[in-house]
Amino acid sequence: MTPTVCAILCAAGKGNRAGFEKNKLLVDLNGSPVLRQTLQAFDQECIDEIIIAYSLCDKTEIEKLAKDIPRVTLVEGGDTRTQTVYNALQAVKSEIVLIHDGARPFVSQKVIENCIESVKKYGSGICSMPCVDTIAVKGSTGEIVRVPDRNLLVRIQTPQGFYTEEIKTAYQKALHEGKLYAVSYTDKDGEQKDTTVQTRSAAQYTDDSSVYNDFVRFPMLCEGSEENIKLTYPSDFAKFVSPARCGFGIDTHAFGKPQDYIVLAGVKIPSHSGLIAHSDGDVLVHAVMDAMLSAAGLKDIGHYFPDTDEKWRGADSMQMLSEVLSLLQMQGYGIQNLSVAIQAEKPRLAKYIDDMKNNLANVLRVPMSAVGVAAGTNEGLGYVGEGKGITVNAYVLLKSRN
């Protein structure tokens, strides 16, 4: 009978080294959160259950991205990776468990299957790749003290697979027992050997093979993949993000508000009438926001600033623009340059252009030379030409902040 398989996805870390303002696993990478992509990689027939170990502050967001996959169970993680995996193991029902870093979204079906088959054959499966660089051991003052033979070294990846009861017992011992422990293993000639090992503290374990090695037996390696990288630093994310993304936004507002000015890019401009809007009617900024959100693959401004929400009645659109910039920064983007074209028969805008550019540059944190604003009439044609409203087209180019 084929043993059942569970996948544990470790997602309880903070990911501070990645430089984002939230858990790196919840950051969009080319259209969807990193954790969502990892989850989809394990949503296949050979996996019977999936457990996501989460941090309490991320629970709501993780529930949303996993809600359409019925085999998923959420388990609160701990302060260390060891405690997080231990918590998740208590919920496993399957005979085999694969433990995987949530920050490895590019794991392939072949790698997952390699891991499962290794467990069935040898009792464990640790995905790995050969070392192509020379590895050195450094001393306390930065000197090289030893250079191991790289032919004997491998780079350890996840998933790492085990029979559930064995790895569960190992984690119990790692958290609750002493420093010395007797383990048995089978050598290359098939002979049973016994040895005593010096184990680490629970906080020192960085992967599951180390726990298994200390308390069960030597784990068995299986083939990983060069593509199965762990997203750790900003440069790791940058490799998989397009260096530049463009977006287009357009907005129109009609005249008719009883006031003697309009607002464009935060600049008050005398006018025969104001522009009708739920917020302050800054049609230029609204077009720019839509262009920015579109370039990042996010929803439009109506989603983030709905006109049914009293919070945004009369709101300062420049403040809204600042919030949109923060959304982009959380996705790893900044502004490369911006181009805006205003269509307005009236009022005349030429003398206000520099002030508009300056305001936009300050909020978007770019030099004034990266902002272009042009204004023109519609030669008396259409609703713009008839003086009924103003239309603004905006184009933006985003760059990876990494």
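Below you will find a few notes about this structure.

Rules used in this analysis
Residues numbered from 1 in each chain as written. Predicted model: local features only at pLDDT ≥ 70, side-chain atom pairs only at ≥ 80, totals over all residues. Heavy atoms only, no water. Core = buried A, V, L, I, M, F, W, Y, C linked by side-chain atoms within 4.5 Å. Buried < 20%, exposed > 50% of the residue type's maximum accessible area, 1.4 Å probe, protein only. Helix = DSSP H or I, 4+ residues; strand = E, 2+ residues; numbered from the N terminus. Contact = heavy atoms within 4.5 Å. Pairing = 2+ DSSP bridges. Phe/Tyr/Trp six-rings, centres within 6.5 Å; stacked < 30°, edge-to-face > 60°. Lys NZ or Arg CZ within 6 Å of the ring centre and 35° of its normal. Salt bridge = Lys/Arg side-chain N within 4 Å of Asp/Glu carboxyl O.

### So, the nonpolar core
Grouped together as the largest cluster of nonpolar side chains are 52 residues, with contacts concentrated most on Leu284, Met292, Leu328, Ile342 and Met356. Put simply, the parts of the chain that give this core at least two residues each are strand 15 (261-264), strand 16 (267-270), helix 8 (283-295), helix 10 (317-330), strand 18 (333-343), helix 11 (353-364), strand 19 (371-376) and strand 20 (389-400). Considering every element that reaches this core, the biggest residue donor is helix 8, with 10 residues. What leucine 328 contacts, discounting residues up to four positions off in sequence, is Met292, Leu293, Ala296, Leu298, Tyr333, Ile335 and Leu398. Counting 36 residues, the second largest nonpolar core, distinct from the first, contains Leu35, Ala66, Val111 and Ile112.

### As for the pairing of strand 15
Sheet topology places strand 15 next to strand 16; four bridges connect them, and they run antiparallel. Counterpart to tyrosine 261 in the pairing with strand 16 is proline 270. Connecting strand 15 to the next strand, strand 16, in antiparallel fashion are two residues, including alanine 265 with a positive phi near 55°.

### Quick look at the packing of aromatic side chains
On inspection of all chains with the given rule, the structure shows three aromatic pairs. Taking 4.8 Å as the distance between ring centres and 40° as the angle between the ring planes, the aromatic pair formed by phenylalanine 248 and tyrosine 395 counts as tilted. Of this pair, phenylalanine 248 sits in strand 14 (residues 244-257) while tyrosine 395 sits in strand 20, and the two are 147 residues apart along the sequence. In this structure tyrosine 395 comes out as partly exposed when scored by relative accessible area, which is 47%. Over the aromatic face of tyrosine 261 sits the side chain of lysine 268, whose NZ or CZ is 4.7 Å from the ring centroid.

### A short note on the pattern of salt bridges
One pass over the structure, following the stated rule, counts 13 salt bridges. For arginine 81, the salt bridge identified is with aspartate 101, shortest N-O distance 3.4 Å. Placement of arginine 81 in helix 3 (residues 81-89) and of aspartate 101 in strand 6 (residues 96-101) is noted, with a sequence separation of 20 residues between them. The salt bridge involving lysine 388 is made with glutamate 386; its shortest N-O contact spans 3.0 Å. The network of salt bridges with shared partners includes Arg81, Asp101, Arg104 and Asp208.

### Quick notes on the environment of lysine 110
With respect to the helices and strands, lysine 110 occurs in helix 4 (residues 109-122). Look at lysine 110 and you get partly exposed, because its relative accessible area is 48%. On a C-alpha basis, the gap between lysine 110 and aspartate 79 in space is 32 Å, while along the polypeptide they are 31 residues apart.

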